[in-house]
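Close look at the chain arrangement
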Amino acid sequence: MSYNIAIDGPAGAGKSTIAKELARKLGFLYVDTGAMYRAMACYCLRQGIDTADEAAVSAACPDINVTLAYEDGSQKVYLNGEDVSTVIRQEQVGNAASVVSTYAAVRVHLLDLQRDLAVKNDVIMDGRDIGTCVLPNADLKIYLTASAHTRAQRRYKELTEKGQICDLSDIEKDIEERDYRDMHREIAPLKVAEDAVTVDSSYMNITEVVESILELVKN
């Protein structure tokens, strides 16, 4: 019997970082749902399918199989049996993924794949609608959040350390606007599942967040 952990929350809350560390400590499979959408987009780009054409993308879904696996300590993404882990990180693929991820047929197709992974493996899955839609029966549901200002500060630090010039107030405004879009989108909006445990990381570091969730797993 597999054990499933669902982690939802707004952009910039640190879901992926926390989920990866938890997966490492627990020996679980980390399911990067974003990478799965990127793989879908990658297929469309390779086949010359216009990602703005919802009907064409939807029609291609049955021909796309996306799987995840851990090899040598890192996650691999397979598209119809081919390792596309590096390819899907290209900017063009990311932009296309943000388009196709809004299509109902794409979400339904990946929903089946994500649930199949959860049935066969102990998984940690993060996203916007994991506990509410993808894994409604998850053994543990976490809603990981932080104030918009804290998330903006983290993003600002990340960008400036890379040498990029940015404005903290603009970043915070973008985060607030994205929160609104995520919470008000028509398909699977971001919200706290009724049986989720809210973890506010505003004043916590990564280690503290991981340890608090591990304690919940033990209990």
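Computed from a prediction, not measured in an experiment: that's the story for all the values here. Every chain is numbered on its own, with residues counted from 1 as its sequence reads. Owing to the predicted nature of the model, reporting of local features is limited to residues with pLDDT of at least 70; listing and counting of side-chain atom pairs is limited to 80 or more, with chain, interface and lining totals taken over all residues. Heavy atoms throughout the structure, all of them, feed into the side-chain values; hydrogens and water do not.

The residues that make up patches have over 30% relative accessible area and no salt bridge, and they are joined within 9 Å when like-charged or within 5 Å when they are Val, Leu, Ile, Met, Phe, Trp or Tyr. Note on areas: these come from Shrake-Rupley sampling with a 1.4 Å probe, and a residue is covered only by the protein chains present in the view. We count a salt bridge whenever a side-chain nitrogen from Lys or Arg sits within 4 Å of a carboxyl oxygen from Asp or Glu. Residues scored as charged are limited to Lys and Arg (positive) and Asp and Glu (negative), so that His and the chain ends carry no count. Working definition for charges: the position is that of NZ of Lys, CZ of Arg, CG of Asp or CD of Glu. A cluster of acidic residues, Asp167, Asp170, Asp174, Glu176 and Glu177, forms a negative patch on the protein surface. The numbering of helices and of strands both runs from the N terminus, where a helix is a DSSP run of H or I of at least 4 residues and a strand a run of E of at least 2. Structurally, Glu177 is set in helix α8 (residues 168–184).

Glancing now at the pattern of salt bridges. Across all of its chains, the model carries 12 salt bridges by this definition. In this structure, the salt-bridge partner of Lys162 is Glu158, at a minimum N-O distance of 3.6 Å. One connected set of salt bridges, linked through shared partners, spans Arg155, Glu158 and Lys162.

For the rest of this paragraph, the subject is the side chain of Gln75. One can find Gln75 in strand β4 (residues 74–79). Judged by its relative accessible area of 18%, Gln75 is buried. For this analysis, residues touch if any pair of their heavy atoms sits within 4.5 Å. If we ignore the near neighbours within four places in the chain, the residues touching Gln75 are Tyr30, Val31, Asp32, Ala35, Leu68, Ala69, Tyr70 and Ser85. The buried label goes to any residue with under 20% of its type's maximum accessible area, the exposed label to any with over 50%, and the partly exposed label to all in between, with areas taken from a 1.4 Å probe on protein chains only.

Counting buried positions along strand β6 (residues 123–127) yields 5 of 5 residues, so the element is predominantly enclosed. Of the two faces of β6, both are covered, the one formed by Val123, Met125 and Gly127 as well as the one formed by Ile124 and Asp126. Examined bridge by bridge, strand β1 (residues 4–8) and β6 share 5 bridges and lie parallel to one another. Across the sheet, residue Ala6 finds its bridge partner in β6, namely Met125. In this sheet, β6 lies alongside strand β2 (residues 29–32) in parallel orientation, the contact comprising 4 bridges. Among the inter-strand pairings, Val31 is bridged to a residue of β6, identified as Met125. Pairing between strands requires that DSSP locate at least two bridges from one strand to the other.

Before going further, it helps to spend a moment on the packing of helix α1 (residues 15–26) against helix α9 (residues 206–218). The axes used here are C-alpha line fits, helices contributing only the stretch in contact, and every angle between their N-to-C directions lies in the interval 0 to 180 degrees. Their axes nearest at 10 Å, the elements α1 and α9 cross at an angle of 55°. The pairing of α1 with α9 is recorded here as oblique in orientation. Our pair here, α1 against α9, has a crossing hand that is right-handed. On the side of α1, the interface is formed by Thr17, Ile18, Glu21, Leu22, Lys25 and Leu26, while α9 contributes Ile206, Val209, Val210, Glu211, Ile213, Leu214 and Val217. Oblique is the label for any angle not under 35 degrees, not over 145, and not in the 65 to 115 range, which are roughly parallel, roughly antiparallel and roughly perpendicular in turn. Crossings are assigned a handedness: left-handed for a near helix turned anticlockwise from the far helix by less than a right angle, right-handed for a clockwise turn.

Every helix has an expected span of 1.5 Å times one less than the residues it contains. Its 17 residues place the ends of α8 25 Å apart at the C-alpha level, agreeing with the 24 Å of an ideal helix rising 1.5 Å per residue. Listing the buried residues of α8 in full gives Ile171, Glu172, Ile175, Asp179 and Asp182. The arc enclosing the buried residues of α8, seen along the axis, measures out at 100°, which places them on a common side. Set apart from the buried face of α8 by more than 90 degrees, the exposed residues are Tyr180, Arg181 and His184. In the core, the buried residues of α8 are packed alongside α7 (148–161). The arc under discussion is defined with respect to the helix axis, by the directions toward the C-beta atoms.

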